[in-house]
Amino acid sequence: MNVLRFSDLIAAGKVAGQRVFIRADLNVPQDDAGHITEDTRIRASIPCIEMALQAGAAVMVTSHLGRPTEGEFKPEDSLAPVAQRMGELMGREISVLADWVGGVSVAPGQLVMLENCRVNKGEKKNNEELAKQMAALCDIYVNDAFGTAHRAEGTTYGIAQFAKIACAGPLLAAEIDAISKALAAPKRPLVAIVAGSKVSTKLTILKALSDKVDGLIVGGGIANTFMLAAGLSIGKSLAEPDLVGEAKAVIDAMKARGAAVPIPVDVVCAKSFSADAAATVKAANEVADDDLILDIGPKTAAILAEQLKAAGTIVWNGPVGVFEFDAFAKGTETVARAIAESSAFSIAGGGDTLAAIAKYGIEKDVGYISTGGGAFLEVLEGKTLPAFEILSKRANG
């Protein structure tokens, strides 16, 4: 995908003295007192801001935070805690400006944070007048917020339409590169892991991937529905019996291409969904009527691990069992460690997947960790994200 990159503009000496508007993703979790509980997104956004400052730009950065009501600013919607944390990490004071759409005063070498962009009326619906006002604030617009790339909003799409120059920041560019490497021109075999509680939320992804991948590993509640499709009993496990036909269609589509959806040969069951429930390993055809399947069994995990170690490219979305409970975490851990040991290029995304990566400490062994949940899923579905589309249009226009 051809987009203009901020790093190229800097290398060409086109950023000094320019007003740069950066749309970052600073939507971090906070506790009830408003304290930031996890600052990964803030840390990830700093390199782009530092690049702009070092290039001699006058820098504005904004983001959404939480779910504010448009046109109504409340103290809990403020980016002030984010500015404070970012200031600590960067070793500088960062002032926060409210009511900024009408104009911003910022000098080269200076950095200001523009208050929660979703408070502005028309942001979510991508109001054209708002977009033009925001575009007038800057010489260069930089989108560095992959987490919002699947939404066509004022600060992710409209401003890119009307700004003098619109480009991708380093985070967004890295996502484009990783996605292209994994899906556009993958090294084969390409193996995808799609796991989660519901087939319905991932059905379009499973269908899209069944045309592309050499192996499609399903896990969690999704695997239970596929077990039903394979004629196995799953007791009282979470599943969607009305989607068995859809699961069969995915299995058949893969089979027609000489590829497969591996169905578990053994599972880990319990009688109740709790951390202290007794875990029992059973063959896949021996699940009792009152059993809950909460993980894949050791034989299945070993089969999948071999497949992952032999892969050329791995796309990972979702843990294969209830890994939050240690008794039902072995399947996810085995899969995670196999991905870490594989020589394949791996790309992982989704909140639970990132939690599993952190739990097993394999961050450095995954080729690329995507920062966007919904955006990552839409890319897997084969959709063109609005933010990519407009940047590509501007680069080629």
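These numbers come from a predicted model, not from an experiment.

Cut-offs applied
Residues numbered from 1 in each chain as written. Predicted model: local features only at pLDDT ≥ 70, side-chain atom pairs only at ≥ 80, totals over all residues. Heavy atoms only, no water. 1 Å grid on protein atoms, 1.4 Å probe; cavity = no way out; pocket = protein on both sides within 12 Å on 5 of 7 lines; lining within 4 Å. Points joined across faces, edges and corners; volume = space filled by probe spheres on them. Helix = DSSP H or I, 4+ residues; strand = E, 2+ residues; numbered from the N terminus. Nonpolar A, V, L, I, M, F, W, Y, C, P; charged D, E, K, R; others polar. Contact = heavy atoms within 4.5 Å. Phe/Tyr/Trp six-rings, centres within 6.5 Å; stacked < 30°, edge-to-face > 60°. Buried < 20%, exposed > 50% of the residue type's maximum accessible area, 1.4 Å probe, protein only. Pairing = 2+ DSSP bridges. Right-handed = clockwise from strand over helix to strand, strands pointing away. Core = buried A, V, L, I, M, F, W, Y, C linked by side-chain atoms within 4.5 Å. Lys, Arg positive; Asp, Glu negative; His and termini not counted. Salt bridge = Lys/Arg side-chain N within 4 Å of Asp/Glu carboxyl O. Polar contact = N/O pair within 3.5 Å; in protein donor to acceptor, adjacent residues only side chain to side chain. Axes fitted to C-alpha atoms, helices over the stretch in contact; angles between N-to-C directions. Expected span 1.5 Å × (residues − 1).

*Asks:* Help me out: how do you make sense of empty space enclosed by the protein in this one?
*Replies:* Which parts of space are left empty comes out when a probe the size of a water molecule is rolled across the atoms. The tally for this structure, following the rule as stated, stands at one cavity of 30 Å³ or more. Take the lining of the largest cavity: its biggest share by element is three residues, from helix α2 (residues 40-54). Of the residues contributing to the lining of the largest cavity, the split by class is four nonpolar, three polar and three charged.

*Asks:* Explanation requested: the side chain of glutamate 153 in the structure shown.
*Replies:* In this fold, glutamate 153 is placed in the loop between β5 (140-143) and α5 (154-162). Among residues more than four places away in sequence, those in contact with glutamate 153 are Arg23, Arg118, Glu123, Lys124, Asn126 and Gly158.

*Asks:* How should I be thinking about the packing of aromatic side chains in this particular structure?
*Replies:* Aromatic ring pairs are reported here in terms of the distance separating the ring centres and the angle at which the planes meet. In total, this model carries four aromatic pairs according to the counting rule given. Measuring from centroid to centroid gives 5.9 Å for phenylalanine 21 and tryptophan 100, while their planes differ by 50°, and the two rings are tilted. Taken together, the residues phenylalanine 21 in strand β1 (residues 19-23) and tryptophan 100 in the loop between β3 (95-97) and β4 (111-114) connect sequence positions 79 residues apart. Here the two residues phenylalanine 21 and tryptophan 100 agree in accessibility, since each one is buried. Measuring from ring centre to ring centre gives 6.2 Å for phenylalanine 21 and tyrosine 141, while their planes differ by 40°; the resulting arrangement is tilted. Pair noted here: phenylalanine 21 is in strand β1 and tyrosine 141 is in strand β5, with a separation of 120 residues, a long-range link. Classification of phenylalanine 21 as buried rests on a relative accessible area of 0%.

*Asks:* Just checking my understanding: could you explain the pairing of β5 for this structure?
*Replies:* One face of the sheet, then the other: side chains in a regular strand alternate in exactly this way. Burial of the side chains of β5 extends over both faces: Ile140 and Val142 are buried on one face and Tyr141 and Asn143 on the other. In this sheet, β5 lies alongside β1 in parallel orientation, the contact comprising four bridges. The residue bridging phenylalanine 21 from the neighbouring strand is tyrosine 141, located in β5. Summarising the sheet, β5 and strand β6 (residues 165-168) pair through four bridges and their orientation is parallel. Within β6, the residue paired with isoleucine 140 across the bridge is isoleucine 165. You can see the chain leave β5, run along α5 and come back into β6, and the turn it takes is right-handed.

*Asks:* How should I be thinking about the nonpolar core in this particular structure?
*Replies:* Burial of nonpolar side chains together is a common tendency in soluble globular proteins. Among the nonpolar cores identified, the biggest contains 66 residues, and Phe21, Phe146, Leu206, Leu216, Phe226, Val315 and Ile347 are the most heavily contacted of them. In terms of residue count, helix α6 (residues 170-184) provides more of this core than any other element does, six residues in total. If we skip the residues at most four places from it in the chain, isoleucine 347 touches Ala178, Ile179, Ala182, Ile314, Val315, Trp316, Tyr368 and Phe376. If you look at the next biggest cluster of nonpolar residues, it comprises 30 residues, including Leu26, Val28, Leu65 and Ile140.

*Asks:* Can you help me understand the side chain of arginine 23 in this one?
*Replies:* Mapped onto the elements of the fold, arginine 23 is located in strand β1. Buried within the structure, arginine 23 lacks any salt-bridge partner; its nearest side chain of opposite charge belongs to glutamate 153, at an N-O separation of 4.4 Å. Reaching out from arginine 23, the side chain makes a polar contact with the side chain of histidine 64 at a distance of 3.2 Å. A polar side-chain atom of arginine 23 sits 2.8 Å from a polar atom in the side chain of threonine 155.

*Asks:* Please clarify how unusual backbone geometry should be interpreted in this entry.
*Replies:* For residues besides glycine, phi is generally negative; the peptide bonds are generally trans as well. Cis peptide bonds are those with omega within 30 degrees of zero, and the linkage from arginine 188 to proline 189 qualifies with -10°. Assignment of secondary structure puts proline 189 in the loop between α6 and β7 (190-195). Of note in the backbone geometry, asparagine 126 takes a positive phi value of approximately 60° without being a glycine. Relative to the elements of secondary structure, asparagine 126 occurs in the loop between β4 and α4 (128-135).

*Asks:* Explain the sheet that holds β7 to me, please; I cannot follow it from the model alone.
*Replies:* As a general point, the strands of a sheet are linked pairwise by backbone hydrogen bonds and lie either parallel or antiparallel. Pairing is parallel across the open sheet formed by five strands, whose spatial order is β8-β7-β12-β13-β14. This sheet does not close on itself; its edge strands, each paired only once, are β8 (215-219) and β14 (368-369). Sheet topology places strand β13 (residues 345-348) next to β14; two bridges connect them, and they run parallel. The residue bridging alanine 348 from the neighbouring strand is isoleucine 369, located in β14. Of the strands in this sheet, β7, β12 (313-317), β13 and β14 are in contact with α6, which crosses β13 at around 125°.

*Asks:* Help me understand α6, please; the structure alone is not making it clear to me.
*Replies:* In an α-helix, one turn spans 3.6 residues, which is why side chains three or four residues apart end up on the same side. If you check α6, its first and last C-alpha atoms are 20 Å apart, about what 15 residues at 1.5 Å a residue would give, namely 21 Å. Of the residues making up α6, those classed as buried are Leu172, Ala173, Glu175, Ile176, Ala178, Ile179, Ala182 and Leu183.

What is shown is where atoms sit, not what they do.
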